[in-house]
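Residue-level listing of the chains:
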Amino acid sequence: MLYVGKSDIGKHRSENQDTFVALKLCQNLVLCVICDGMGGVNGGRIASELAITAFVDYAKDAFMPFLNLTTDLFDYDAMLMSGVDMSEILIKATSAANITIRQRSAFERKLEGMGTTLIAAVFIDDILYIANVGDSRLYVLKENFEQITHDNSVIQHLIDIGRISSAEEASKSPYRNMLSRAVGAEDTIETDIYMLDFQFGTVLMCSDGLYNFMGINDFIPQIEESDDIEKLELAADKLIEEANLGGGGDNITVVLVRKAKEG
């Protein structure tokens, strides 16, 4: 499995409030997380950094009992037999991130109101688990990039109930940048969990600074040819470059994960 992460400030922001990690915890377990912070001067950056750290620390501690140090493999079957559920781990990891942000903002009043999106992916053997809060996204490349996550945003809610019916209308709406859910916004947090087969293919995770400023499907051929780490890095660089050419109106973060078909 190949994976790469890239982040860029964009063209119109004074700082990069996006944070990401892409970690191989053992031979068959990879954890990737993107947080897109919000909340005034420094608040968004601090929120995204706090959330990433708290989420990853909780997840790593929860995974540890099932890591076989001799074989360097995660024992998924042992986890299931013990009664531990991966979805529950991701929900509790997100809650840990939420509590951490709430505690910091209560202690430091100038940070009150800060928060962040959070999109996390856990790749275990042929299974992909996803946790999502906010409007950062995860796509799976099939014939086109298929969006797996559902945005927690006001604009998405208006689309869902039929109040908005076109991409052009959505792009002009005064609600287009408003989240309906964010880590750190409330004392408790609801996390969307997804699980799907991932035997081979490509996953794209990104903050809204990517998909709001470029046509992702225009670069499928280049990504499909990314069969080594150098090419995957070039593909990530190209996606960021195109988002900047499309206006670069926000911070841009991309994580690409590619799993080759065996044989």
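Quick note: structure is the one above.
Note that this is a predicted model, so its numbers are computed, not measured.

Rules behind the numbers
Residues numbered from 1 in each chain as written. Predicted model: local features only at pLDDT ≥ 70, side-chain atom pairs only at ≥ 80, totals over all residues. Heavy atoms only, no water. Helix = DSSP H or I, 4+ residues; strand = E, 2+ residues; numbered from the N terminus. Buried < 20%, exposed > 50% of the residue type's maximum accessible area, 1.4 Å probe, protein only. Contact = heavy atoms within 4.5 Å. Pairing = 2+ DSSP bridges. Axes fitted to C-alpha atoms, helices over the stretch in contact; angles between N-to-C directions. 1 Å grid on protein atoms, 1.4 Å probe; cavity = no way out; pocket = protein on both sides within 12 Å on 5 of 7 lines; lining within 4 Å. Points joined across faces, edges and corners; volume = space filled by probe spheres on them. Nonpolar A, V, L, I, M, F, W, Y, C, P; charged D, E, K, R; others polar. Salt bridge = Lys/Arg side-chain N within 4 Å of Asp/Glu carboxyl O. Expected span 1.5 Å × (residues − 1). Polar contact = N/O pair within 3.5 Å; in protein donor to acceptor, adjacent residues only side chain to side chain. Left-handed = near helix turned anticlockwise from the far one by under 90°.

### Description of the environment of G39
So, step 1. Relative to the elements of secondary structure, G39 occurs in the loop between β3 (29-38) and α1 (43-63).
So, step 2. By relative accessible area, G39 is classed as partly exposed at 33%.
So, step 3. Along the chain, G39 and F66 lie 27 residues apart, while their C-alpha atoms are 37 Å from each other.
So, step 4. Those residues in contact with G39 that sit more than four places away from it in its chain are G44 and M114.

### With respect to the sheet that holds strand β10 (residues 145-147)
So, step 1. Across the sheet, which stays open at both edges, the five strands sit in the order β1-β13-β12-β9-β10 with antiparallel pairing between neighbours. The outermost strands of the open sheet, each flanked by one partner alone, are β1 (2-8) and β10. Neighbour-to-neighbour, the strand axes of the sheet open up by a mean angle of 20 degrees, direction not taken into account.
So, step 2. Where β1 and strand β13 (residues 252-259) come together, seven bridges link them in antiparallel fashion. Bridge pairing links K6 to V254 in β13.

### Here we look at the pairing of β13
So, step 1. Within β13, eight of the eight residues are buried, leaving the element largely enclosed by the surrounding structure.
So, step 2. Where burial is concerned, the two faces of β13 agree: the one with I252, V254, L256 and R258 and the one with T253, V255, V257 and K259 are both buried.

### Looking at the layout of surface pockets
So, step 1. A volume near 970 Å³ is recorded for the largest pocket.
So, step 2. Taken together, 30 residues make up the lining of the largest pocket; nearest its centre are D135, R176, N177, D208 and N212.
So, step 3. Those elements that provide at least two residues to the lining of the largest pocket are β3, α4 (154-160), α5 (167-172) and α6 (208-211).
So, step 4. A per-class count over the lining of the largest pocket returns eight nonpolar, 13 polar and nine charged.

### Thoughts on the pairing of strand β12 (residues 201-206)
So, step 1. Among the six residues in β12, six count as buried, and that is most of the element.
So, step 2. Of the two faces of β12, the one holding G201, V203 and M205 and the one holding T202, L204 and C206 are both buried throughout.
So, step 3. Pairing between strand β9 (residues 137-141) and β12: five bridges, direction antiparallel. Each bridged residue has a counterpart across the sheet, and for Y139 the counterpart in β12 is L204.
So, step 4. Taken together, the six bridges between β12 and β13 define a ladder with antiparallel strand orientation. Of the residues in β13, the one forming a bridge with L204 is L256.

### Focus: the side chain of N98
So, step 1. The topology assignment puts N98 in helix α3 (residues 86-107).
So, step 2. Non-local contacts of N98, meaning those with residues more than four positions away in its chain, are made with A182, V183, G184, A185, E186, D187, T188 and I189.

### Description of the pattern of salt bridges
So, step 1. Applying the stated rule across the entire model yields 17 salt bridges.
So, step 2. The shortest N-O distance in the salt bridge between D250 and R13 comes to 3.2 Å. Of the two residues, D250 is situated in the loop between α8 (229-245) and β13 and R13 in the loop between β1 and β2 (18-26); the sequence distance between them amounts to 237 residues.
So, step 3. Through salt bridges with shared partners, a single network forms among E15, R45 and E49.

### Overview of α3
So, step 1. Between its first and last C-alpha, α3 extends 32 Å over 22 residues, near the 32 Å set by a 1.5 Å rise per residue.
So, step 2. All of the buried residues in α3 are M86, S87, I89, L90, A93, T94, A96, A97, N98, I101 and S105.
So, step 3. At the N-terminal end of α3, a side-chain oxygen is found 3.0 Å from the backbone nitrogen of S87, two or three residues along, and the residue is D85.

### With respect to unusual backbone geometry
So, step 1. With phi around 60 degrees, D72 is a residue other than glycine that occupies positive phi space.
So, step 2. Tracing the backbone shows D72 in the loop between β4 (67-68) and β5 (73-74).

### Comments concerning the packing of α1 against α3
So, step 1. Remark: α1 packs on α3, axes separated minimally by 8 Å, with the N-to-C direction vectors making an angle of 145 degrees. For the crossing formed where α1 meets α3, the hand is right-handed. Facing I46, A47, L50, A51, A54, F55, Y58, A59, A62 and F63 of α1, the residues of α3 in contact are M86, I89, L90, K92, A93, T94, A96, A97, T100, I101 and R104.
So, step 2. Residue composition of the contact of α1 with α3, by class: 17 nonpolar, two polar and two charged.

That's the geometry; what it means functionally is another story.
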